[in-house]
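# Examination of the molecular architecture
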Amino acid sequence: VFISAVDPRKIHATNLTDLSRASILMNTARYGDFTIESDNIGQLPPRIVEVRTMSQAAVDLVAHNYESTLIACDRRLEANGDLAEALRLSALAAVNLGALDDAESLLRQSVESACDAGGRAHLYCLLALVSTKRRNDLVASEAFIMDGLRELDRCGGGSSDEAVERAWLLNARALNCALEY
């Protein structure tokens, strides 16, 4: 059994018994989610490769495992995956790490790559909340809220997802109004 020098998460093994296969999986589980990859189950050597999804990255974010979130998002970006979601999750991790300029830049990039008005409105709401809660910049926050509302107005705003995003934007505005007094 040897660990790849190129990617330490890839483990190559030959002549594996079920017991040694289970041992490798248990020992590597602390580094991420793995699966055994092989064209033919009987073919050796099987490869254990990391399998990560954006939903798993979101779980890592909620668990305050920001490094794991950022690594998963970087890999997703390199693989040309769901760009808007990877940028959004990276931005949320950056906010929690105090890298507000990076977070704002990532959220703006995510707005540009989002494919629907509801998604863009959601991202503008996040930008507004960062401006309000982390920067105490209510003027910038209001501008982001207006951008989000304009996105929803342009598309007609008929879906339930868009109604929820409108409610979040108006909730952010209510927070700003409360902070002004």
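Since the structure is predicted, the reported quantities are computational estimates derived from the model, not experimental observations. (Residues numbered from 1 in each chain as written. Predicted model: local features only at pLDDT ≥ 70, side-chain atom pairs only at ≥ 80, totals over all residues. Heavy atoms only, no water.)

### Concerning the overall build of the protein
Scanning the protein from N- to C-terminus turns up eight helices and four strands. What you see in the protein, going N to C, is helices and strands ordered as β-β-α-β-β-α-α-α-α-α-α-α. Across the 181 residues that make up the protein, the buried fraction comes to 38%. Put simply, of all contacts in the protein between residues at least 6 apart along the chain, 44% involve residues at least 24 apart. (Helix = DSSP H or I, 4+ residues; strand = E, 2+ residues; numbered from the N terminus. Buried < 20%, exposed > 50% of the residue type's maximum accessible area, 1.4 Å probe, protein only. Contact = heavy atoms within 4.5 Å.)

### Structural notes on the nonpolar core
Counting 25 residues, the largest nonpolar core has Leu107, Leu123, Leu127, Ile145 and Leu169 as its most contacted members. Contributions of two or more residues to this core are made by helix H4 (83-96), helix H5 (100-113), helix H6 (117-133), helix H7 (138-155) and helix H8 (160-180). For this core, the leading source of residues is H6, giving eight residues. For isoleucine 145, the contacting residues outside a window of four places in its chain are Ala128, Leu169, Ala172, Arg173 and Asn176. Residues Met54, Ala57, Leu61 and Cys73 belong to the second largest nonpolar core, which totals nine residues. (Core = buried A, V, L, I, M, F, W, Y, C linked by side-chain atoms within 4.5 Å.)

### Examining the packing of H5 against H6
The interhelical angle for the contact between H5 and H6, taken along N-to-C directions, is 165 degrees, at an axis separation of 9 Å. Taken together, the axes of H5 and H6 lie roughly antiparallel to each other. For the pair H5 and H6, the sense of crossing is left-handed. Residues Leu100, Glu104, Leu107, Arg108, Ser110 and Val111 of H5 form the contact with H6, whose participating residues are Arg120, Leu123, Tyr124, Leu126, Leu127 and Val130. Looking at the contact of H5 with H6 residue by residue, the class counts come to eight nonpolar, one polar and three charged. (Axes fitted to C-alpha atoms, helices over the stretch in contact; angles between N-to-C directions. Parallel < 35°, antiparallel > 145°, perpendicular 65-115°, else oblique. Left-handed = near helix turned anticlockwise from the far one by under 90°. Nonpolar A, V, L, I, M, F, W, Y, C, P; charged D, E, K, R; others polar.)

### Focus: unusual backbone geometry
You will see that histidine 64, though not glycine, has its phi angle at about 65 degrees, which is positive. Looking at the secondary structure, you find histidine 64 in the loop between helix H2 (54-62) and helix H3 (66-78). The class for histidine 64 is exposed, based on a relative accessible area of 58%. With a phi angle near 55 degrees, asparagine 136 is a residue other than glycine that sits in the positive phi range.

### Some words on the layout of surface pockets
The space that makes up the largest pocket amounts to roughly 280 Å³. In terms of lining, the largest pocket is formed by Leu61, Val62, His64, Tyr66, Leu92, Val95, Asn96, Leu126, Leu129, Val130, Lys133 and Arg134. Of all the elements, H6 adds the most residues to the lining of the largest pocket, at four residues. (1 Å grid on protein atoms, 1.4 Å probe; cavity = no way out; pocket = protein on both sides within 12 Å on 5 of 7 lines; lining within 4 Å. Points joined across faces, edges and corners; volume = space filled by probe spheres on them.)

### Thoughts on the environment of isoleucine 145
If you trace the backbone, isoleucine 145 turns up in helix H7. Taking relative accessible area as the criterion, isoleucine 145 reaches 0% and is therefore assigned buried. The spacing of isoleucine 145 and tryptophan 168 is 23 residues in sequence and 9.4 Å in space, taken between C-alpha atoms.

### Some thoughts on H4
Along its 14 residues, H4 runs 20 Å from first to last C-alpha, staying within 8% of the 20 Å computed at 1.5 Å per residue. Counting buried positions along H4 yields ten of 14 residues, so the element is predominantly enclosed. Within H4 the residues assigned to the buried category are Ala84, Ala86, Leu87, Arg88, Leu89, Ser90, Ala91, Ala93, Ala94 and Val95. In the segment just after H4, glycine 98 is the residue with positive phi, at about 85 degrees. (Expected span 1.5 Å × (residues − 1).)

### Observations regarding the confidence of the model for the protein
Summing up the model confidence of the protein, the mean pLDDT is 77 and the portion of residues at 70 or higher is 68%. Of the regions scoring below 50 in pLDDT, residues 1-9 engages in 21 contacts with residues more than four places distant in sequence or in other chains. Ignoring residues within four places in sequence, the model shows residues 24-51, a span with pLDDT below 50, making 56 contacts including any to other chains. (pLDDT = per-residue confidence, 0-100.)

### Quick notes on the packing of H4 against H5
Interhelical geometry of H4 versus H5 gives an angle of 165 degrees and a closest axis separation of 8 Å. With respect to their mutual orientation, H4 and H5 come out roughly antiparallel. Seen along the crossing, H4 lies across H5 with a hand that is left-handed. From H4, Leu83, Ala84, Leu87, Arg88, Ser90, Ala91, Ala94 and Val95 reach across to H5, where they touch Leu100, Asp102, Ala103, Leu106, Leu107, Gln109, Ser110 and Ser113. Here the contact of H4 with H5 is built from residues that sort into ten nonpolar, four polar and two charged.

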